[in-house]
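# Report on the structure
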Amino acid sequence: MNPFVRKTLVVQIQAGGTDRFSVLAHLTYDAEDPFAVTAVFAHDGHVLARWRLDRQMLADGLRGPVGVGDVRFRPVATGMWQELRMEFLGDVRPDGGRHRAVAFAWAPAVAAFVRETREVVPPGQEEVRVDDVLAEILATG
């Protein structure tokens with residue numbers, strides 16, 4: 001079985017009071033890092049942002065609001081259109097506020113991605129090689 005799941009979605013980004021604009025979101029899941037999903041947002045071949053997300057939090061955000069830190073998810077319904085609202089808080093601005101961007105993804109596509117990751121590594125069967133994690137920490141410390 002392939003240990004990777006990849007999906008590219010067109011999402012809408014809204015930042016700094018602007019109107020929404022479309023970008024690509026490349027979602028990647030690797031069974032070697034079973035709790036995480038990498039999201040890379042790109043436009044015209046340029047990476048706008050890269051975030052490492054918690055897989056369970058992403059799944060929970062499809063059903064209700066989650067997150068209290070730099071990343072927050074919640075479902076949004078507009079008529080028959082179901083979206084996942086993903087809010088990302090960045091660096092502190094000179095005025096003391098924080099940079100903020102909101103991405104809106106089609107919820108059924110995100111749900112399909114999460115289902116595929118669960119086929120690779122079912123919830124509760126995630127394994128973390130502690131020795132590898134410690135070696136990585138010590139090598140970068």
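In this text the structure is predicted, and so the values were computed from the model without any measurement.

### Here we look at the overall build of the protein chain
Across its full length, the protein chain carries three helices and seven strands. Listing each helix as α and each strand as β along the protein chain from the N terminus yields β-β-β-β-α-β-β-β-α-α. With respect to the three principal axes, the spread of C-alpha positions in the protein chain is 45 × 40 × 30 Å. Across the 141 residues that make up the protein chain, the buried fraction comes to 32%. Across the protein chain, every contact between residues at least 6 apart in sequence was considered, and the portion connecting residues at least 24 apart equals 35%. For the protein chain, the accessible area works out to roughly 8,800 Å², and carbon and sulfur atoms hold 55% of it. Distance from the positive charge centre (16 side chains) to the negative charge centre (19 side chains) of the protein chain: 7 Å.

### Here we look at the environment of Arg72
As for its position among the elements, Arg72 is in strand β5 (residues 71-78). Taking the relative accessible area as the measure of exposure, Arg72 reaches 31% and is therefore partly exposed. If we skip the residues at most four places from it in the chain, Arg72 touches Met57, Val66, Gly67, Arg85, Met86, Glu87 and Leu89. Within the local environment of Arg72, its side chain forms a polar contact with the backbone oxygen of Val68, the two atoms lying 3.5 Å apart.

### Section: the sheet that holds strand β4 (residues 46-54)
Strand order in the open sheet formed by seven strands is β4-β3-β2-β1-β7-β6-β5, with antiparallel pairing between adjacent strands. Each having just a single partner strand, β4 and β5 make up the two edges of the open sheet. Between one strand axis and the next, the sheet turns by 30° as a mean value, whatever way the strands run. Examined bridge by bridge, strand β1 (residues 4-15) and strand β7 (residues 98-106) share four bridges and lie antiparallel to one another.

### Concerning unusual backbone geometry
Located in the positive-phi region is Asp44, a residue other than glycine, with phi close to 50°. Among the residues examined, Asp44 registers a relative accessible area of 65% and is labelled exposed.

### Quick word on the packing of aromatic side chains
Scanning all chains against the criterion turns up three aromatic pairs. Aromatic pair Phe41 and Phe88: ring centres 5.6 Å apart, planes at 65°, arrangement edge-to-face. Taken together, the residues Phe41 in strand β3 (residues 36-43) and Phe88 in strand β6 (residues 81-92) connect sequence positions 47 residues apart. Take Phe41: its relative accessible area is 4%, and that puts it in the buried class. Here the aromatic rings of Trp81 and Trp106 are separated by 6.0 Å at their centres, their planes lie at 25°, and the arrangement is stacked. Taken together, the positions of Trp81 in strand β6 and Trp106 in strand β7 put the pair 25 residues apart, joining distant regions of the chain. On the accessibility criterion, Trp81 (43% relative accessible area) is partly exposed. Take Trp106: its relative accessible area is 42%, and that puts it in the partly exposed class. The positively charged end of Arg6 is found above the aromatic ring belonging to Phe4, 4.8 Å away from the centroid.

### Comments concerning the side chain of Arg55
Summarising the element assignment, Arg55 is placed in helix α1 (residues 55-61). By relative accessible area, which is 4% here, Arg55 ends up buried. One polar contact links Arg55 to Tyr29, side chain to side chain, over a distance of 3.5 Å. Residues contacting Arg55, with those up to four places away along its chain left out, are Tyr29, Pro34, Phe35, Ala36, Val37, Thr117, Arg118, Val121, Pro122, Pro123 and Glu126.

Thresholds, definitions, all that
- Residues numbered from 1 in each chain as written.
- Predicted model: local features only at pLDDT ≥ 70, side-chain atom pairs only at ≥ 80, totals over all residues.
- Heavy atoms only, no water.
- Helix = DSSP H or I, 4+ residues; strand = E, 2+ residues; numbered from the N terminus.
- Buried < 20%, exposed > 50% of the residue type's maximum accessible area, 1.4 Å probe, protein only.
- Contact = heavy atoms within 4.5 Å.
- Areas by Shrake-Rupley, 256 points an atom, 1.4 Å probe, with all protein chains shown as cover.
- Lys, Arg positive; Asp, Glu negative; His and termini not counted.
- Charge placed at Lys NZ, Arg CZ, Asp CG, Glu CD.
- Polar contact = N/O pair within 3.5 Å; in protein donor to acceptor, adjacent residues only side chain to side chain.
- Pairing = 2+ DSSP bridges.
- Axes fitted to C-alpha atoms, helices over the stretch in contact; angles between N-to-C directions.
- Phe/Tyr/Trp six-rings, centres within 6.5 Å; stacked < 30°, edge-to-face > 60°.
- Lys NZ or Arg CZ within 6 Å of the ring centre and 35° of its normal.

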